[in-house]
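Residue-level listing of the chains:
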Amino acid sequence: MAHSDQISSEGPYAQEKASSSDDAVKGYNQEVSSAADNQRPEERQLHRALKSRQISMIAIGGALGTGLIIGTGSGLANGGPASILISYSVMGLCCAAVMAALGEMSTYMPHPRGFAGHATRFVSDEFGVATGWNYLFKYLVVTANNVNAAALVVSYWTDLSGGIWIAIVTVLIIALNFGGPKWFGEVEFWLSLVKIITMTGLIILLLVIDLGGSPTGDRIGFRYFQDGLAFRPYPRTSGDKGRFLGFWSTMVTALFAYTGSELVAVTVGEAANPRKSVPSAIKKTFFRIVFFYVVGALLVGMVVPSNAPELLAANKKGTSAAASPFVVAIVRARIRVLPDIINAAILIFCISAANSDQYIAARTLYGLAIDGKAPAIFRRVDRRGVPYVALSVTALFCALAFINLASGGPQTFSYLVASVTMFGGLTWICILIAHIRFMKAMKAQGMDRNSLPWKSPLQPYLSYFAVVFTSIVVFFKGWNSFLFTFNWRTFLTNYIGLPIFFLIMIGWKLWHRTEFIRPEEVDLVSDVREFDEQDELVWKQDEEKNNAMMQGAPIYKKVWIYAKNW
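Residues numbered from 1 in each chain as written. Predicted model: local features only at pLDDT ≥ 70, side-chain atom pairs only at ≥ 80, totals over all residues. Heavy atoms only, no water.

As annotated in an unreviewed UniProt entry, the chain carries the name Amino acid permease/ SLC12A domain-containing protein and is attributed to Moesziomyces aphidis.

Structure, rendered in structure tokens:
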């Protein structure tokens, strides 16, 4: 089936009939893949090979990275336990809003262009191109950062040159990505499962330590929230101003930890049944936010005092088990062996993050090409559904990790990494703006939100709150550049994403003379019909399959089939 930028439809979408299974769409996807084998590389499309269980696990494990398991330590030292609890809760609400916005747009119009395509469709052409390239820049840098982090984790055990491990991890993630979406989905499923088990185990362990179940027998409770430790002044400051600055610094820490949750929207183009798998994955994201982030931040603050010498030393260790506040808690509780196990788990965190980051970078560049916002050569896809040209180019940026091996390299690389939070925050803002415009277009064109394939709660208020609050955090994220004396390097690296974003948007607008789309003129029809037809096919196949299974089946099996479909 040759690629077409727009597919006409008689209506916005057909009403969803019933839930569907991955098996039911298997035949449909095989027909598409078989037809794609006979096409030229630039005409092929991504294969819808990611199963519901893989999409759900990728979504749950997507943001479980070093930002949570290590970055929480710097937030605790800079702002105190109450600060990180509030920050993770508020930014968690913003993250939930972003995921809800993605859920509504992606289930209504799931296509390989992702949310950059939604930004183009619902806002304007120049806004879409700026959104897509901003997201690509983030993953070109953050992939190298996680490759470097993996090398540092290994240095916990050995003194071999970090360049060896950077090369090994780079080759590994490139090989996994060239294996195709089936390989990527299966590997990420198991890596994410390990991450989830690790975080669950750590949270249970912190609770046991807090209740006095460690070798020390010390029942801690909320001791470290008392005696002025709840809100800690930012380093080298004091008083109410210092405590406020400490609190605000944890907002930036929380934003960095949460960014990456939106990557599930990029997998929509390769999901076997996006209108079933994406809402399921997003619902699970809400529980992840409450359990892993909010409960994790609470327990870390309860078990590790914000002024502990071990915590202050850990924040200077780089990226390894020694830098994690969870390990600080284990060491203070005099539990042996576990630090090595946690270091192995952190290595899996880093490899999983680098693997998914490389996947997202390649698919983002491919989506830009499909949307006409990048050279057409990046549209090329092989027979396994791998955008091999886009993947080859984005993989080259893994070499940025080698900067750390040069004299003065770590400082230079830290400047690059400082830009990631800005790129991530801008991505959230763009997603929320696109969703707000989507809702306005529906209202202007007389479409009922209740007719969406999946409808999120608290809208439109949730998106409005999140876009305003995230914008405030992003705008003031570089406040420490002015704290004592103006530091132009810190200022530049904190805010470099803003001029890049607006230069791309304004430059595209002036060159192509594009205009913002009025809500009444937004196209809510194209690119929807193929998914309506697939839903219709899935529903019919499910019905036929269930009828065949019901015939002659014992009563217990009939009850099981009925319950599963319900």
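**Q** Before we go on, may I ask you to explain the overall build of the chain in this structure?
**A** From N to C terminus, the chain includes 22 helices and zero strands. Burial status across the chain gives 56% buried among its 566 residues. Entry remark: accessible area of the chain is about 23,600 Å², with carbon and sulfur atoms responsible for 63%. (Helix = DSSP H or I, 4+ residues; strand = E, 2+ residues; numbered from the N terminus. Buried < 20%, exposed > 50% of the residue type's maximum accessible area, 1.4 Å probe, protein only. Areas by Shrake-Rupley, 256 points an atom, 1.4 Å probe, with all protein chains shown as cover.)

**Q** Mind showing me how you'd approach a nonpolar patch on the surface here?
**A** A cluster of nonpolar residues, Phe 482, Phe 486, Trp 488, Phe 491 and Leu 492, forms a patch on the protein surface that exposes about 540 Å² of accessible area. Tracing the chain through its elements places Leu 492 in helix 19 (residues 488-495). Residue classification places Leu 492 among the partly exposed positions, given a relative accessible area of 44%. (Patch = residues over 30% accessible without salt bridge, like charges linked within 9 Å, V, L, I, M, F, W, Y side chains within 5 Å. Salt bridge = Lys/Arg side-chain N within 4 Å of Asp/Glu carboxyl O.)

**Q** Just checking my understanding: could you explain helix 15 (residues 388-395) for this structure?
**A** In an α-helix there are 3.6 residues to a turn, and that puts residues three or four apart on one side. For helix 15, the complete set of buried residues consists of Val 389, Ala 390, Leu 391, Thr 394 and Ala 395. Check the buried side of helix 15 and you find it contacts helix 7 (125-154), helix 8 (162-178) and helix 14 (338-370). (Contact = heavy atoms within 4.5 Å.)

**Q** Looking at this model, I keep getting lost on the confidence of the model for the chain. Mind explaining?
**A** When pLDDT is averaged along the chain, the result is 79, and 76% of the positions lie at 70 or above. Counted against residues more than four places away or in other chains, residues 1-37, with its pLDDT under 50, gives 78 contacts. Below a pLDDT of 50 lies the segment residues 561-566, which in the model reaches six contacts outside its immediate sequence neighbourhood of four places, other chains included. (pLDDT = per-residue confidence, 0-100.)

**Q** How should I be thinking about the side chain of Ser 481 in this particular structure?
**A** Structurally, Ser 481 can be placed in the loop between helix 18 (461-475) and helix 19. Looking at Ser 481, its side chain comes within polar contact range of the main-chain nitrogen of Phe 491, at 3.2 Å. Once you skip the residues sitting within four places of it in the chain, Ser 481 turns out to touch Phe 486, Asn 487, Thr 490, Phe 491 and Asn 494. (Polar contact = N/O pair within 3.5 Å; in protein donor to acceptor, adjacent residues only side chain to side chain.)

**Q** What is the right way to read the environment of Ala 441 from this model?
**A** Here Ala 441 is to be found in helix 17 (residues 420-444). For the pair Ala 441 and Arg 518, spaced 77 residues apart in sequence, the C-alpha separation works out to 7.9 Å. Setting aside its immediate chain neighbours within four residues, Ala 441 contacts Pro 519, Val 522 and Leu 524.

**Q** I keep staring at the packing of aromatic side chains and nothing clicks. Help me out?
**A** Here a ring pair, both rings aromatic, is described through the centre-centre distance and the interplanar angle of the planes. Under the counting rule described, the total for this entry stands at 23 aromatic pairs. Arranged with centres 5.9 Å apart and planes meeting at 20°, the rings of Phe 465 and Phe 469 form a pair that is stacked. Taken together, the residues span about one helical turn, with Phe 465 and Phe 469 both in helix 18 at a distance of four residues. Residue classification places Phe 469 among the buried positions, given a relative accessible area of 18%. An aromatic cluster is built from Phe 244, Trp 248, Phe 465 and Phe 469, whose rings are joined through pairwise contacts. (Phe/Tyr/Trp six-rings, centres within 6.5 Å; stacked < 30°, edge-to-face > 60°.)

**Q** Would you mind showing me how to read the packing of helix 8 against helix 14 here?
**A** Geometry of a packed helix pair, given as the angle between the helix axes and the separation of the axes. Following both chains from N to C, one finds helix 8 and helix 14 inclined at 50°, their axes separated by 9 Å at the closest point. On the basis of the axis angle, helix 8 is oblique to helix 14. Here helix 8 and helix 14 pass one another in a crossing that is right-handed. Of the residues in helix 14, those touching helix 8 at Leu 172, Ile 173, Leu 176 and Asn 177 are Ile 351, Ala 354, Asn 355, Gln 358, Tyr 359 and Arg 363. (Axes fitted to C-alpha atoms, helices over the stretch in contact; angles between N-to-C directions. Parallel < 35°, antiparallel > 145°, perpendicular 65-115°, else oblique. Left-handed = near helix turned anticlockwise from the far one by under 90°.)

**Q** Just to check I follow, could you spell out the pattern of salt bridges for this structure?
**A** Pairing between side chains of opposite charge can happen when their charged atoms approach one another. Within the structure shown, the criterion is met by ten salt bridges. One salt bridge in this structure joins Glu 262 and Lys 138, with 3.4 Å as the shortest N-O distance. A residue pair is termed long-range when its members are at least 10 positions apart, and Glu 262 in the loop between helix 10 (239-258) and helix 11 (274-303) and Lys 138 in helix 7 qualify at 124 residues. Across the pair, exposure class does not vary: Glu 262 and Lys 138 are buried alike. Between Asp 218 and Arg 223 there is a salt bridge, and its shortest N-O distance comes to 2.8 Å. A relative accessible area of 29% places Asp 218 in the partly exposed class. Overlapping salt bridges, with partners in common, bring together Asp 125, Asp 371 and Lys 373 in one network.

**Q** So what exactly am I meant to see when it comes to the nonpolar core here?
**A** Across soluble globular proteins, nonpolar side chains have a tendency to be buried as a group. In terms of nonpolar packing, the biggest core is built from 145 residues, with Tyr 88, Met 91, Met 199, Tyr 258 and Leu 524 touching the most fellow members. The contacts of Tyr 88, once residues within four sequence positions are left out, are Gly 67, Leu 68, Thr 72, Thr 253, Ala 254, Ala 257, Tyr 258, Tyr 293, Val 294 and Ala 297. (Core = buried A, V, L, I, M, F, W, Y, C linked by side-chain atoms within 4.5 Å.)

**Q** Which parts of the structure should I look at to understand the packing of helix 7 against helix 17?
**A** Contact geometry for helix 7 and helix 17: axes closest at 9 Å, N-to-C directions at 150°. Taken as a pair, helix 7 and helix 17 cross one another with a handedness that is left-handed. Contact residues: Phe 127, Thr 131, Asn 134, Tyr 135, Phe 137, Lys 138, Val 141 and Val 142 in helix 7; Val 420, Phe 423, Gly 424, Leu 426, Thr 427, Cys 430 and Ile 433 in helix 17. Class assignment of the residues belonging to the contact of helix 7 with helix 17 gives a composition of ten nonpolar, four polar and one charged. (Nonpolar A, V, L, I, M, F, W, Y, C, P; charged D, E, K, R; others polar.)

**Q** Looking at this model, I keep getting lost on unusual backbone geometry. Mind explaining?
**A** Note on backbone geometry: most residues besides glycine have negative phi, and most peptide bonds are trans. Cis geometry marks the peptide bond from Gln 459 to Pro 460, where omega comes out at 5°. With respect to the helices and strands, Pro 460 occurs in the loop between helix 17 and helix 18. Although it is not a glycine, Arg 334 adopts a positive phi angle of roughly 60°. In this fold, Arg 334 is placed in the loop between helix 13 (325-332) and helix 14. If you check the backbone angles, Arg 513 has positive phi at about 55° while not being a glycine. As for its placement among the helices and strands, Arg 513 is situated in the loop between helix 20 (497-512) and helix 21 (529-550).

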